Number of protein chains: 2
Amino acid sequence: MLPRASLPSAFKRRFSLSAVVANRAVVYSKNGDPSEVLTAVTFPDLPPPKPNSVNIRFVLSAVNPADINTIEGVSPSKPTLASDLNTSGPGSKDYPIFVGGNEGLAEVVEVGDGVQGLQKNDWVVMDKPQLGTWSTHRNVAVTDIIKLPFNASDGLSKAHGATMTVNPPTAFNMLKEFVDLKEGDWIVQNGANSAVGKLVIQIASSRGLNTLNLVRARDNLEKLMRSLEELGATRVLTYDDLRDKATRSKIQQWTGGKDIRLGLNCIGGEANTAMVKLLGHGAHLVSYGAMSKQPISLPTSLFIFKNLTSHGFWQTQWSKVHSRKEKEDLIANLSSMMVNGKLKAPEHDIIVLGAKESDEEVTQKIRTIFSDLAQGKYTKKVLIRLEDK
Amino acid sequence: MLPRASLPSAFKRRFSLSAVVANRAVVYSKNGDPSEVLTAVTFPDLPPPKPNSVNIRFVLSAVNPADINTIEGVSPSKPTLASDLNTSGPGSKDYPIFVGGNEGLAEVVEVGDGVQGLQKNDWVVMDKPQLGTWSTHRNVAVTDIIKLPFNASDGLSKAHGATMTVNPPTAFNMLKEFVDLKEGDWIVQNGANSAVGKLVIQIASSRGLNTLNLVRARDNLEKLMRSLEELGATRVLTYDDLRDKATRSKIQQWTGGKDIRLGLNCIGGEANTAMVKLLGHGAHLVSYGAMSKQPISLPTSLFIFKNLTSHGFWQTQWSKVHSRKEKEDLIANLSSMMVNGKLKAPEHDIIVLGAKESDEEVTQKIRTIFSDLAQGKYTKKVLIRLEDK
């Protein structure tokens, strides 16, 4: 839990009177339901950046499910105290506030002394988790951001940039860190229609890997299957198909009897157990989500006689134990795939939090986003743009 | 399933008439319940060994639970056709028979051409799984056996030799292959009172590793705890203790807050889930049995946020993928620990299958062993000695 401090009313009065704001952030001062604890606040212009830091302006920011857990205080990922926003009011040690958001695309506005390799207008993404991306401006250490080697003029979209550091690295690293996959090898994944699932399909396809993709049966199944195949899916099956014994020999035909060497799981429970039985000897199972909220339950014999290894993957942890150079290379790699049309930006809705709206209005708008999200009203990725003029 | 061929009655008549036999084996010709399909047969003297092979005489052989699965045909470990016993009758391709037993101590009787480094009277153990150790004599390729660097004159007991290749390597390798454990590190295991569990305690203790050992609550618990501590157990707890919240802080005190880096599981189900929650960040869980017959069920968060990795261990698989040199080193290492008093032989019952007993009597005796085993009548390891005179 974060320290419980409410925003002082003086602060609210001071910064919500003007009709057009220049600087605004979506913040919280205590853990709880985002639709109750998030508040929009305006703040004075940032001072010039300290040495080895830059002032940035966010172009477009993402709302990720994990952000909700962080705001609720139930995630191991803790937010960073927003000490840059106002040194005497909220954001200082006496009035701790935290800016929401982990992922976003920003451009450099002003460069501090000693900063090398970064210039005004450069596009950057976050290297540090939960830095707080739901803001017009922030002051950040150069070590907390990574410069993108491309921008709009190269054909990189803002939506690409705003969704660069969570799902694409997850998909990329899960295909890289556990099994040394060669062209023609097979992998299987459940939740293939998830944001990460679609990225896995595209990255695997670009590497010449075959994917067996599992999805739920649904009304528009044919359409979904076609859309995944267009992304590069080799084969698509439903969980129900796996109950049919004939499916097993069908898969054998598809793979030419080749062992499936990697399984990616974001569901857990029975959907995972059924998938794991398709894996070959010595395969690796990598879990990165638990949509079913059911545990991973597997017969011990799969571990002993089939030599299965079961891992988890969390990009935040990967970032912690990998070097700056490796992270820069990863981002360069991913953004290059995006520019070359190999990785599509996720389908998304952009919600604009206008400069002319009051803090109260923006607060209401942002809280509604989260109650709508909780009710499953969004089927696409939610991106927010905090206007500064 | 093995080919279903019954022993020809002519064969039975031929070799069960003499009152004192020289060569006898416990064999089966079809899969099934060992107490129904095992048969004792006598066979003529082996011919002189072929080049690069030796004739051996078994001194003492072990009965392992996994042998039962092999005889039942439900194990991935398949037996080897006993083609050495009688080239014209059973054991030939027309009358396939399989000798039971995977583990045993033998001495070299006669050496074939081209054999180097092996002499008459040398003690050897099996390198190949399910070769068939329930026999007085066998002819084996030199690559299927490993010479022991010690024998009775060095203080190595026959019981040590007869139980050298299954449980001690399992315990040794589980402590070596998954985590680079340093002196003072902690591991936790369930089923600590099992044969492997006791070996883990002794090997860990000899390496200066701390063990937290979990056992079932029982009447003579204090006595059991003392006996495990005498073997070198650092701490012993019951599964019930883990339900008590105070236990957690007790463990923290014992470890000095140090993360437990390795968990060894031979139970599965809830006893395993409770144990895994004691593991530290980045720990490894190694499963080598499933006494509860329940699956391994773990919250996905343990994999994602705690970075747990779950493996299986099967010594047969280890042997398949490791070099001859590594296996010889392992056996040298283990037998040296035995000679130096660091590894006790398991408590055992020796059942003598006497040379003066008829095949029918021995058949009855061996079948009774297995029905008694199935009923849990043995609390100690069962070793069998097939007398040849």
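Residues numbered from 1 in each chain as written. Chains lettered and ligands numbered in written order. Predicted model: local features only at pLDDT ≥ 70, side-chain atom pairs only at ≥ 80, totals over all residues. Heavy atoms only, no water.

*Asks:* I would appreciate a short explanation of the overall build of chain A in the present structure.
*Replies:* Within chain A one finds 14 helices and 17 strands. In terms of C-alpha radius of gyration, chain A reaches 22 Å, essentially the compact-globule figure of 21 Å for 389 residues. By principal-axis analysis of the C-alpha atoms, chain A measures approximately 70 × 40 × 40 Å. Put simply, chain A has 389 residues, and 55% of those count as buried. A separation threshold of at least 6 residues defines the contact pool for chain A, and within that pool the share at least 24 residues apart is 73%. Approximately 16900 Å² of chain A is accessible, and the part contributed by carbon and sulfur atoms is 49%. Charged side chains of chain A number 47 positive and 40 negative; the gap between the two group centres comes to 2 Å. (Helix = DSSP H or I, 4+ residues; strand = E, 2+ residues; numbered from the N terminus. Rg over C-alpha atoms; globule rule 2.2 N^0.38 Å. Buried < 20%, exposed > 50% of the residue type's maximum accessible area, 1.4 Å probe, protein only. Contact = heavy atoms within 4.5 Å. Areas by Shrake-Rupley, 256 points an atom, 1.4 Å probe, with all protein chains shown as cover. Lys, Arg positive; Asp, Glu negative; His and termini not counted. Charge placed at Lys NZ, Arg CZ, Asp CG, Glu CD.)

*Asks:* Even after reading the chapter, I still don't get the confidence of the model for chain A, so can you show me in this structure?
*Replies:* When pLDDT is low, close inspection of the predicted coordinates is not appropriate. Residue and element names in this part refer to chain A. Chain-level pLDDT for chain A is 91 on average; 92% of the residues reach the 70-or-more range. For the stretch residues 1–6, pLDDT sits under 50, and the model shows 14 contacts to residues farther than four places along the chain or on other chains. A low-confidence stretch, residues 8–19 (pLDDT under 50), is modelled with 18 contacts involving residues beyond four sequence positions or located in other chains. In the model output, the complex is listed with pTM 0.89 alongside ipTM 0.87. (pLDDT = per-residue confidence, 0-100.)

*Asks:* Looking at this structure, how should I read the pairing of strand β17 (residues 381–386) of chain A?
*Replies:* Both faces of the sheet carry side chains from a regular strand, because those side chains alternate between them. Residue and element names in this part refer to chain A. Across the six residues of β17, five count as buried, placing the element largely inside the fold. Across three bridges, the pairing between strand β3 (residues 53–63) and β17 is antiparallel. Looking across to β17, one finds that Val63 is bridged to Val382. Pairing of strand β16 (residues 348–353) with β17 involves six bridges; the strand directions are parallel. Within β17, the residue paired with His348 across the bridge is Lys381. (Pairing = 2+ DSSP bridges.)

*Asks:* Hey, could you run me through the interface of chain B and chain A in this one?
*Replies:* It is common to give the size of an interface as the accessible area lost on bringing the parts into contact. Taken together, the contact pairs 25 residues of chain B with 25 residues of chain A. Both sides of the chain B and chain A interface together cover about 2000 Å² of buried area, and 62% of this is carbon and sulfur. Sorting the residues of chain B by area buried against chain A places Thr300, Ile304 and Phe305 of chain B first, and these three jointly supply 26% of that buried surface. Between the two partners, chain B and chain A, sit zero salt bridges. Applying the counting criterion to the chain B and chain A interface returns three residue pairs in polar contact (both at pLDDT 80 or more). When contributions to the side of chain B that touches chain A are tallied by element, the ones reaching two or more residues are β14 (296–298), α11 (300–304) and β15 (309–312) of chain B. It is β15 of chain B that contributes the most residues to the side of chain B that touches chain A, four residues altogether. Looking at the side of chain B that touches chain A, its residues break down into 13 nonpolar, 12 polar and no charged. (Buried area = accessible area lost by both parts, 1.4 Å probe. Salt bridge = Lys/Arg side-chain N within 4 Å of Asp/Glu carboxyl O. Polar contact = N/O pair within 3.5 Å; in protein donor to acceptor, adjacent residues only side chain to side chain. Nonpolar A, V, L, I, M, F, W, Y, C, P; charged D, E, K, R; others polar.)

*Asks:* Help me understand the sheet that holds strand β4 (residues 98–99) of chain A, please; the structure alone is not making it clear to me.
*Replies:* Strands belonging to one sheet form pairs held by backbone hydrogen bonds; the direction of such a pair is parallel or antiparallel. Residues and elements named next belong to chain A. Ordered in space as β2-β1-β4, the three strands form an open sheet in which the pairing is antiparallel. Two strands in the sheet have a free side with no partner beyond their single neighbour: β2 (39–42) and β4. In this sheet, β4 lies alongside strand β1 (residues 24–28) in antiparallel orientation, the contact comprising two bridges. Paired with Val27 across the strands is Val99, a residue of β4. Sitting on the sheet, helix α14 (residues 359–374) is in contact with β1 and β2, with an inclination near 150 degrees to β2. (Axes fitted to C-alpha atoms, helices over the stretch in contact; angles between N-to-C directions.)

*Asks:* Could you clarify how one ought to interpret the packing of helix α5 (residues 167–174) of chain B against helix α13 (residues 324–339) of chain B in this entry?
*Replies:* Each pair of packed helices can be summarised by the angle the axes make with each other and by the distance between the axes. Residues and elements named next belong to chain B. The contact between α5 and α13 brings their axes to 11 Å, and the two run at 105 degrees. Of the possible angle classes, the one that applies to α5 and α13 is roughly perpendicular. Two secondary-structure elements touch here, α5 through Pro168, Pro169, Phe172 and Asn173 and α13 through Leu330, Asn333, Leu334 and Met338. Among the residues making up the contact of α5 with α13, the classes are represented as six nonpolar, two polar and no charged. (Parallel < 35°, antiparallel > 145°, perpendicular 65-115°, else oblique.)

*Asks:* Would you mind showing me how to read the sheet that holds strand β2 (residues 39–42) of chain B here?
*Replies:* Residue and element names in this part refer to chain B. Read from one edge of the open sheet, three strands run β2-β1-β4, paired in antiparallel fashion. Each of the sheet's edge strands pairs with one partner strand only, and the pair in question is β2 and β4 (98–99). In the packing of helix α14 (residues 359–374) onto the sheet, the strands contacted are β1 (24–28) and β2, and the crossing angle to β2 comes to about 150 degrees.

*Asks:* Looking at this model, I keep getting lost on the pattern of salt bridges. Mind explaining?
*Replies:* One side chain can pair with another of opposite charge once the charged atoms of both are near each other. Tallied over the entire structure, the rule returns 34 salt bridges over all chains. One salt bridge connects Lys377 of chain A with Asp372 of chain A, and the closest N-O pair in it is separated by 3.6 Å. Between Asp240 of chain B and Arg243 of chain B there is a salt bridge whose closest N-O contact spans 2.9 Å. Of this pair, Asp240 of chain B and Arg243 of chain B both sit in helix α8 (residues 239–243), three residues apart, which is roughly one turn of the helix. Arg243 of chain B gets classed as exposed once you look at its relative accessible area, which sits at 63%.

*Asks:* Got a minute to help me understand the nonpolar core in this structure?
*Replies:* One recurring pattern in soluble globular proteins: nonpolar side chains tend to sit buried together. Within the largest apolar cluster, 122 residues are counted, with the highest numbers of intra-cluster contacts made by Leu175 and Leu264 of chain A together with Leu175 and Leu264 of chain B. Dropping the residues within four chain positions of it, Leu175 of chain A is found in contact with Leu181, Ile187, Val200, Ile203, Ala204, Arg207, Leu209, Leu262 and Leu264 of chain A. (Core = buried A, V, L, I, M, F, W, Y, C linked by side-chain atoms within 4.5 Å.)

*Asks:* Even after reading the chapter, I still don't get the pairing of strand β13 (residues 284–287) of chain B, so can you show me in this structure?
*Replies:* Of the two faces of β13 of chain B, both are covered, the one formed by His284 and Val286 of chain B as well as the one formed by Leu285 and Ser287 of chain B. Crossover connection from strand β12 (residues 260–265) of chain B via helix α10 (residues 269–276) of chain B to parallel β13 of chain B: handedness right-handed. (Right-handed = clockwise from strand over helix to strand, strands pointing away.)

*Asks:* How should I be thinking about the domain arrangement of chain A in this particular structure?
*Replies:* Residue and element names in this part refer to chain A. What the domain assignment reports for chain A is domain 1 (23–163 + 345–386) and domain 2 (167–316). For domain 1 versus domain 2, the distance between C-alpha centres works out to 33 Å. Taken together, the seven residues of domain 1 in the interface contact five residues of domain 2. For the domain 1 and domain 2 pair, buried surface summed over both sides reaches about 350 Å², with 53% attributable to carbon and sulfur atoms. Across the contact surface, domain 1 and domain 2 share zero salt bridges. Each residue belonging to the side of domain 1 that touches domain 2 can be placed in one class, and the counts come to two nonpolar, two polar and three charged. (Domains from an automatic or database assignment.)

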